[in-house]
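Structural overview for review
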Protein chains: 2
Amino acid sequence: MLGELGEQGADTVSSDELAAATGVNPAKLRKDLSYIGSYGIRGVGYEVSALTHQLERVLGLNHRQAVALVGIGNLGHALAGYGGFDGRGFPVTALFDVDPDLVGIHINGILVQDVAAIPEVCRARDVTIGMITTPGPAAQGVCDLLVEAGVRCILNFAPVVLQVPGEVEVRKVDLAVELQILAFHVARRNLTGGDPESNGHVVNGAGGLKP
Amino acid sequence: MLGELGEQGADTVSSDELAAATGVNPAKLRKDLSYIGSYGIRGVGYEVSALTHQLERVLGLNHRQAVALVGIGNLGHALAGYGGFDGRGFPVTALFDVDPDLVGIHINGILVQDVAAIPEVCRARDVTIGMITTPGPAAQGVCDLLVEAGVRCILNFAPVVLQVPGEVEVRKVDLAVELQILAFHVARRNLTGGDPESNGHVVNGAGGLKP
DNA sequence: GCAACTTTGTGCGTGCCTTCACAAGCGACT
DNA sequence: AGTCGCTTGTGAAGGCACGCACAAAGTTGC
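Conventions adopted
- Residues numbered from 1 in each chain as written.
- Chains lettered and ligands numbered in written order.
- Predicted model: local features only at pLDDT ≥ 70, side-chain atom pairs only at ≥ 80, totals over all residues.
- Heavy atoms only, no water.
- Phe/Tyr/Trp six-rings, centres within 6.5 Å; stacked < 30°, edge-to-face > 60°.
- Buried < 20%, exposed > 50% of the residue type's maximum accessible area, 1.4 Å probe, protein only.
- Helix = DSSP H or I, 4+ residues; strand = E, 2+ residues; numbered from the N terminus.
- Contact = heavy atoms within 4.5 Å.
- Near = heavy atom within 4 Å.
- Polar contact = N/O pair within 3.5 Å; in protein donor to acceptor, adjacent residues only side chain to side chain.
- Nonpolar A, V, L, I, M, F, W, Y, C, P; charged D, E, K, R; others polar.
- Salt bridge = Lys/Arg side-chain N within 4 Å of Asp/Glu carboxyl O.
- Pairing = 2+ DSSP bridges.
- Axes fitted to C-alpha atoms, helices over the stretch in contact; angles between N-to-C directions.
- Expected span 1.5 Å × (residues − 1).
- Parallel < 35°, antiparallel > 145°, perpendicular 65-115°, else oblique.
- Left-handed = near helix turned anticlockwise from the far one by under 90°.
- Right-handed = clockwise from strand over helix to strand, strands pointing away.

Turning our eyes to something else, we now look at the packing of aromatic side chains. All names here are of chain A. Per the stated rule, a full pass over the model turns up two aromatic pairs over all chains. Considering the side-chain rings of Y82 and F85, the 5.1 Å spacing of their centres and the 85° angle between planes classify their relative orientation as edge-to-face. For Y82, a relative accessible area of 31% puts it in the partly exposed group.

Here the focus is the side chain of S15 of chain B. If you trace the backbone, S15 of chain B turns up in helix 2 (residues 15–22). Residues within four places of S15 of chain B in sequence aside, it is in contact with P26, L29, R30 and Y46 of chain B.

To continue, consider the protein's contact with DNA strand D. Around DNA strand D lies a shell of 22 residues, among which K31 and R42 of chain A together with S15, R30 and Y46 of chain B are the nearest. Put simply, 65% of the atoms of DNA strand D that lie within 4 Å of the protein are in sugar or phosphate. In this structure, R42 of chain A approaches DNA strand D through a side-chain N or O atom, which is 2.9 Å from a base nitrogen. One of the side-chain N or O atoms of K31 of chain B is found 3.1 Å from a base nitrogen in DNA strand D. Tallying contributions element by element places helix 3 (residues 26–35) of chain A first for the surface near DNA strand D, with four residues. Class assignment of the residues belonging to the surface near DNA strand D gives a composition of six nonpolar, nine polar and seven charged.

Looking now at the pattern of salt bridges. On inspection of all chains with the given rule, the structure shows ten salt bridges over all chains. R88 of chain A serves as the salt-bridge partner of D174 of chain B, at 3.3 Å between the closest nitrogen and oxygen. One end of the pair, D174 of chain B, is in the loop between strand 10 (169–172) and helix 9 (175–190); the other, R88 of chain A, is in the loop between helix 6 (84–87) and strand 5 (92–97), on a second chain. For the residue pair D174 of chain B and R88 of chain A, the accessibility class agrees, reading buried in each case.

What follows deals with the sheet that holds strand 2 (residues 40–41) of chain A. All names here are of chain A. Judged by pairing direction, the sheet is antiparallel, and its three strands sit side by side in the order 1-3-2 without closing on themselves. Both edges of this open sheet fall to strand 1 (12–13) and strand 2, since each of them pairs with a single strand only. Its contacts with the sheet place helix 4 (residues 48–59) against strand 1 and strand 3 (45–47), and it is angled at close to 70° to strand 3.

Residue and element names in this part refer to chain B. Under the 1.5 Å per step criterion, the end-to-end length of helix 4 (residues 48–59) is 16 Å for twelve residues, consistent within 8% with the ideal 16 Å. V48, L51, T52, Q54, L55, E56 and L59 are the residues of helix 4 that are buried. Once helix 4 ends, the next one or two residues include G60, with phi positive near 75°.

Turning our attention to the packing of helix 2 of chain B against helix 3 (residues 26–35) of chain B. All names here are of chain B. The N-to-C vectors of helix 2 and helix 3 enclose an angle of 110°; their axes lie 8 Å apart at closest approach. Classified by the interaxial angle, the pair formed by helix 2 and helix 3 is roughly perpendicular. The chirality of how helix 2 crosses helix 3 is right-handed. Between helix 2 and helix 3, the residues in contact are S15, D16, L18, A19 and T22 and P26, L29 and R30, respectively. Taken together, the residues that form the contact of helix 2 with helix 3 break down as four nonpolar, two polar and two charged.

Residues and elements named next belong to chain B. Covered by surrounding structure in strand 9 (residues 153–156) are C153 and L155 together with I154 and N156, the residues of both alternating faces. Crossover strand 8 (residues 127–132) to strand 9 through helix 8 (residues 136–148) is right-handed. Here strand 9 pairs with strand 10 via four bridges, running parallel. Pairing of I154 across the sheet is with V170, part of strand 10.

This is the structure we're talking about:
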């Protein structure tokens, strides 16, 4: 996003502009930016190139991190072909599945290998991030393999809560839950004067239920 | 998840068990459940079937909501074929794209139509939720069409911040940002004794930057 | 050089969310 | 029937994040 601004010819950008574009409070944005150091100029704004550079440095975006994708189903296939990851510094460098019909084929020039090869291949290619797009029951086994391979970041699309050692960080993405949250908010808004006390609590607390 | 518990033969479940399974604090879980009424039995736990029923009622999961999917690229194609939505009460009932090569084909038995047909088709099929998986530049236009069609929940996968009227609820899903958050947390953890004050602020505030 | 305007950086108050801790209630066992 | 153990439901406290509002600092115009 900052990159776009830079290409559009903007030399500097004010916190108000950035805040309006991202829908965040300007004060909060300035406070966040102040945590990484004072790189703004009072009366002018933030120099786009300097800000971009500093953010990349702090967020660790300056070195690319290899991603392994396990589970070449519908979703996995799409993510393997999604160009957005590589463009943001996360090249998908290894694909895995259990299906013998899938093992051996190439997607976007990347060979699909058997899950048994996860430890070896991930170590060889220095994979630091794993994405799990398998069906739920297979996810924990795959996760264990990734952890064994030294992967310490896992993005989990399977509808299960993964058990991992403390040093491993897991983020869960459940698209159906996203839809439920949306539907819940709108349903609540339709109730004229609905109890404002229970706003969001239920959604946060009971996420992941499956009728 | 509760459904799985029920099938596994558990009649009742305690807040501690549920909390352990979901990784949430037990007290918070109980408080959340208390907001929808007291359906637990002290000394025993929560009756699984009753709790499931109540949660479905409160979360509005008892009536299915039709979903329209716009943008049949890699990701859109995968989501159109993803069975998880229909199983959770969100049947994908309409597909749209601008590409003439795609318009007319069927995915999972659903016809892909031109985006110009969005207002008419969405109204006819009573679509309440829209999912946008178009490239960034096309997203706002598609969004406007959906809003015009009366859609009030939008799940946005495009890397832009959508401008919508107040009554429309938008949720943004950016998978690259998820990876960045993961990478950031692990990078921070590697810094021995890194400044604990700046924990997460930067990630929340500056989400969506693109180098 | 001075005044007026802009924009950053931040101290402080407010309100929400989380979590601890405990009373109330229910079942089992004697 | 009474007691003991277990679990829910909730009051209260603590912490955290958000956002207002203002001082500091820089730029522009005269």
